[in-house]
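An overview of the molecular structure
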Protein chains: 2
Amino acid sequence: MGETERIVQRMSDQGLRITEQRRTLAQLFAEAPGYLTPKEIYDHMQRVYPGLSFDTVYRNLRVMQELDVIEQFMLEEGVKFKRSCGEPHHHHHMICLQCEKTVPIRSCPMPDTAVPSGFEVVRHKFEVYGYCADCRESGDRAQASAGRTP
Amino acid sequence: MGETERIVQRMSDQGLRITEQRRTLAQLFAEAPGYLTPKEIYDHMQRVYPGLSFDTVYRNLRVMQELDVIEQFMLEEGVKFKRSCGEPHHHHHMICLQCEKTVPIRSCPMPDTAVPSGFEVVRHKFEVYGYCADCRESGDRAQASAGRTP
DNA sequence: CTCGGTGCAAATAATTTGCACAGTT
DNA sequence: AACTGTGCAAATTATTTGCACCGAG
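This one's a predicted model, so the numbers in the text were calculated from it and none came from an experiment.

**Remarks on the relation of the copies chain A and chain B**
Copy one and copy two of the chain differ by a rotation about an axis and a translation along that axis. Overlaying chain A with chain B gives an RMSD of 0.1 Å, the required rotation being 180° about an axis along which the chain moves by 0.1 Å. These values place the two chain copies in the arrangement generated by a two-fold rotation axis. Measuring from the rotation axis to each C-alpha of chain A, the shortest distance belongs to Phe 126 of chain A, at 2.2 Å. Of all interface residues in chain A, 100% are interface residues in chain B too; the two copies therefore contact each other through one and the same surface.

Encoded structure:
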């Protein structure tokens, strides 16, 4: 079963009606390597369904997010969506600045981090940004100095 | 010299004219422990300057951000601003979910993180969320289970 | 005195909602 | 057939811009 079908199945299981549009959305997210903005999603859908309206896209994004088939992120550039990672165990990500593909990192820095006394840790975020092997090879990335984050 | 003065000085040095409003903004950020939304900032300023308009707040936030006296963040709840941390060396933060105060962490997990072969690291983000000692004591935080982030 | 800063109003952009009709189950 | 999903238009909310006047240096 392809990723698209898995997503469609997940939506169907939860009682959602599977329309042409939702199937296409599922496929879009199944195939997209990285993050998508509402506008990008709308543009893609628009090409397939010329009569499409923006609010339908927003509505479906929200529904799919509630069903946990996609996740919403607040990045510097604004709101973006990505297929839910699905990995059941705790992990973090490397995110390619060129293609936005994400690669899971299994190791977690939290257990090794010294916490100031009295501080009660609830959750944490660890994300690594850079260029993935594919993008480095194809050289179509912006120049990248291998510097360390300041 | 107080933090307020330091901020005002920094703005003045860069050629900004110091208006009453900007001084008050500087003071607000100097004294605010955590993050502020544009609306919170406007509300505060509004109390002092009844005739204040929202666009002036936005304009000043942008200027102050460009001068690096404040920083902008995209959080789940939207855009927020905070006084620039100012620590010159690489570090990360613990952020209190109650009062939003930030505490620097000196250790960095990056050097100990295994990077998938071929991935070129450019920068990273490591943030720890929880409850600071003050908020735990005063007990006015939401209930907090000491769980580990999934 | 000079030019940057401010208020006002209006323009944009991003997102949400109400309603009648169309399509999925 | 029953009810959910969609398009359309309009409402909100967030942010930006143009312009004439005011105040800091």
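The rest of the description comes next.
**Section: the protein's contact with DNA strand D**
Close to DNA strand D lie 20 residues; Arg 22 and Thr 56 of chain A together with Arg 17, Tyr 58 and Arg 62 of chain B are nearest. The sugar-phosphate share of atoms of DNA strand D within 4 Å of the protein amounts to 60%. Taking Thr 56 of chain A, its side chain carries an N or O atom lying 2.5 Å from a phosphate oxygen of DNA strand D. Elements with a contribution of two residues or more to the surface near DNA strand D: α2 (20-31) and α4 (54-66) of chain A together with α4 (54-66) of chain B. Its residues assigned to classes, the surface near DNA strand D shows six nonpolar, six polar and eight charged.

**Points about the protein's contact with DNA strand C**
Around DNA strand C, a shell composed of 20 residues is seen, among which Arg 17, Tyr 58 and Arg 62 of chain A together with Arg 22 and Thr 56 of chain B lie nearest. Arg 17 of chain A places a polar side-chain atom, nitrogen or oxygen, 2.3 Å from a base nitrogen of DNA strand C. Between DNA strand C and Asn 60 of chain B, the relevant distance is 3.3 Å, taken from a phosphate oxygen to a side-chain nitrogen or oxygen of the residue.

**Quick notes on the pairing of strand β1 (residues 70-75) of chain A**
All names here are of chain A. Taken together, the six bridges between β1 and strand β2 (residues 78-83) define a ladder with antiparallel strand orientation. Paired with Gln 72 across the bridge in β2 is Phe 81. Hairpin geometry of β1 and β2 is characterised by an intervening segment of two residues between the two adjacent antiparallel strands.

**Points about the interface of chain A and chain B**
Across the boundary between the two partners, chain A contributes 45 residues, which contact 45 residues of chain B. Between chain A and chain B, a total of about 4,000 Å² is buried, with carbon and sulfur atoms accounting for 60% of that surface. Counting across the interface, chain A meets chain B through four salt bridges. Where Glu 76 of chain A meets Lys 125 of chain B, a salt bridge forms, and the shortest distance between an N and an O atom there is 3.7 Å. Of all the secondary structure elements, the ones that give two or more residues to the side of chain A that touches chain B are β1, β3 (92-96), β4 (102-105), β5 (120-131) and α5 (133-138) of chain A. Considering each element in turn, the side of chain A that touches chain B owes the most residues, 12 residues, to β5 of chain A. For the side of chain A that touches chain B, the per-class residue count stands at 26 nonpolar, 11 polar and eight charged. The pairing of β5 of chain A with strand β5 (residues 120-131) of chain B spans 11 bridges and is classified as antiparallel.

About the thresholds
Residues numbered from 1 in each chain as written. Chains lettered and ligands numbered in written order. Predicted model: local features only at pLDDT ≥ 70, side-chain atom pairs only at ≥ 80, totals over all residues. Heavy atoms only, no water. Least-squares fit on C-alpha atoms with pLDDT ≥ 70 in both. Contact = heavy atoms within 4.5 Å. Near = heavy atom within 4 Å. Polar contact = N/O pair within 3.5 Å; in protein donor to acceptor, adjacent residues only side chain to side chain. Helix = DSSP H or I, 4+ residues; strand = E, 2+ residues; numbered from the N terminus. Nonpolar A, V, L, I, M, F, W, Y, C, P; charged D, E, K, R; others polar. Pairing = 2+ DSSP bridges. Buried area = accessible area lost by both parts, 1.4 Å probe. Salt bridge = Lys/Arg side-chain N within 4 Å of Asp/Glu carboxyl O.

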